[in-house]
Amino acid sequence: MQKAGDPISSCQRVLADGAKRRIQKSCVLPLDARPSSGGASRLKTDQRPPSALHIDTPSPPMTNLKFGNKKLPNAIIVGVKKGGTRAVLEFIRIHPDVRAAGTETHFFDRNYDRGLEWYRGLMPRTLESQITMEKTPSYFVTKETPHRISAMSRDTKLIVVVRDPVTRAISDYTQTLTKTPDLPSFQDLAFRNQSLGIVDTSWNAIRIGLYALHLENWLRYFPLAQIHFVSGEPYHRPGRGVGSDARLPWVKAHCHRQTLLFQPHQGLPLP
Ligand SMILES: Nc1ncnc2c1ncn2[C@@H]1O[C@H](COP(=O)(O)OS(=O)(=O)O)[C@@H](OP(=O)(O)O)[C@H]1O
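Residues numbered from 1 in each chain as written. Predicted model: local features only at pLDDT ≥ 70, side-chain atom pairs only at ≥ 80, totals over all residues. Heavy atoms only, no water.

Engineer: Help me out: how do you make sense of the overall build of the protein chain in this one?
Structural biologist: Across its full length, the protein chain carries 10 helices and nine strands. Counting only contacts in the protein chain whose residues sit at least 6 apart along the sequence, the fraction spanning at least 24 positions is 71%. Split by element, the accessible area of the protein chain, about 15600 Å² in all, is 55% carbon and sulfur. (Helix = DSSP H or I, 4+ residues; strand = E, 2+ residues; numbered from the N terminus. Contact = heavy atoms within 4.5 Å. Areas by Shrake-Rupley, 256 points an atom, 1.4 Å probe, with all protein chains shown as cover.)

Engineer: Help me out: how do you make sense of the sheet that holds strand β9 (residues 227-231) in this one?
Structural biologist: Adjacent strands of a sheet form backbone hydrogen bonds with each other and so pair up, either parallel or antiparallel. Spatially, five strands are ordered β3-β5-β2-β6-β9 in an open sheet, and the strand pairing comes out parallel. Both outer strands of the open sheet, β3 (98-100) and β9, are each paired with one neighbouring strand and no more. Each adjacent strand pair in this sheet contributes to an overall mean axis angle of 25°, direction not counted. Note: β3 against strand β5 (residues 131-135), three bridges, orientation parallel. Bridging across to β5, A100 finds its partner in M133. (Pairing = 2+ DSSP bridges. Axes fitted to C-alpha atoms, helices over the stretch in contact; angles between N-to-C directions.)

Engineer: Just to check I follow, could you spell out unusual backbone geometry for this structure?
Structural biologist: Along the chain, G79 connects to V80 via a cis peptide bond; the corresponding omega equals -5°. Positive phi values are uncommon outside glycine, yet K82 reaches one of about 65°. Residue K82 is classed as partly exposed on the basis of its relative accessible area of 27%. Phi angles above zero are rare outside glycine, and H106 is one such case at about 50°. Mapped onto the fold, H106 is located in the loop between β3 and α4 (116-121). The exposure class assigned to H106 is buried, which follows from its relative accessible area of 12%. (Buried < 20%, exposed > 50% of the residue type's maximum accessible area, 1.4 Å probe, protein only.)

Engineer: Explain the side chain of D109 to me, please; I cannot follow it from the model alone.
Structural biologist: Structurally, the position occupied by D109 is in the loop between β3 and α4. Engagement of the side chain of D109 in a polar contact is seen with the side chain of H106, the distance being 3.2 Å. A polar contact of 2.6 Å, which involves the side chain of D109, links it to the side chain of S138. Among all residues touching D109, those that are not within four sequence positions of it are T136, S138, Y139, T142, T145 and R148. (Polar contact = N/O pair within 3.5 Å; in protein donor to acceptor, adjacent residues only side chain to side chain.)

Engineer: I keep staring at the packing of aromatic side chains and nothing clicks. Help me out?
Structural biologist: Aromatic ring pairs are reported here in terms of the distance separating the ring centres and the angle at which the planes meet. Going through the model one piece at a time under the given rule, you end up with 12 aromatic pairs. With 5.4 Å between their ring centres and 70° between their planes, F186 and W203 make a pair best called edge-to-face. Linking F186 in helix α7 (residues 186-190) with W203 in the loop between β8 (198-199) and α8 (204-207), this pair joins segments that are 17 residues apart in sequence. Judged by relative accessible area, W203 falls into the buried class, the value being 16%. Among the aromatic residues, those joined into a ring-pair cluster are F107, F108, Y112, W118, Y119 and Y139. (Phe/Tyr/Trp six-rings, centres within 6.5 Å; stacked < 30°, edge-to-face > 60°.)

Following this line, the structure appears as structure tokens:
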């Protein structure tokens, strides 16, 4: 693995050229893990001098190669919805030893009946040394999920991205509002009695933010040490959360600040 002080690597140059992350990650593949190329059809491998094996054989485009196997995730971002989970996953997966499912699988809450092989099929191919991840924020508040994940593997690392529950609720409400424009106001939904200030904790946008309540369910199946909590707050400031985040030192190690491009208004690294 590259050290923080190393000069710019070929991987970083690829990133600087604007190539896709998939190519960037291929930079770190050990030579002995690369499959032999299609040049063998012209000359049998055992007829060739050993020195020529890697020199005069044209390589197929890297994007056409399939490395490794699909594995069940070692780590899952289980929540919380609107906590900044996408940003955290995108920053973590900059690390060349991490590969993640592109979309939310919802396996443990909506698709459990499809079985583990279906779930495995959604995962990216990884080498032995690489970590497989996925994120589905609704897992955190789904009663069955902790038990189901522990049945898959009790060693699964869990990541929970938390955010101020009030701003989280507003973010959640705003998203719903875009799909349902005639939704009652936030205040109408948030309070059971506005004049007495009694909050309606049964409203989903509020209920999701009762982190301690949901956590109790997880602690029945996983020790606290296996659950990693991340504050999503730094990720909510455009342009922050990467170079300045001491918890993600590998981001600095693998990417020069200048090569990390940001989506305007959001701050996610470009795919
Ligand atoms: N760096 C960065 N890039 C992009 N978006 C960021 C980032 N940091 C935080 N956010 C804010 O996180 C909110 C979305 O959270 P999630 O990714 O967990 O949403 S979801 O549950 O997957 O729908 C959503 O919050 P709101 O804007 O308040 O709705 C995003 O703006």
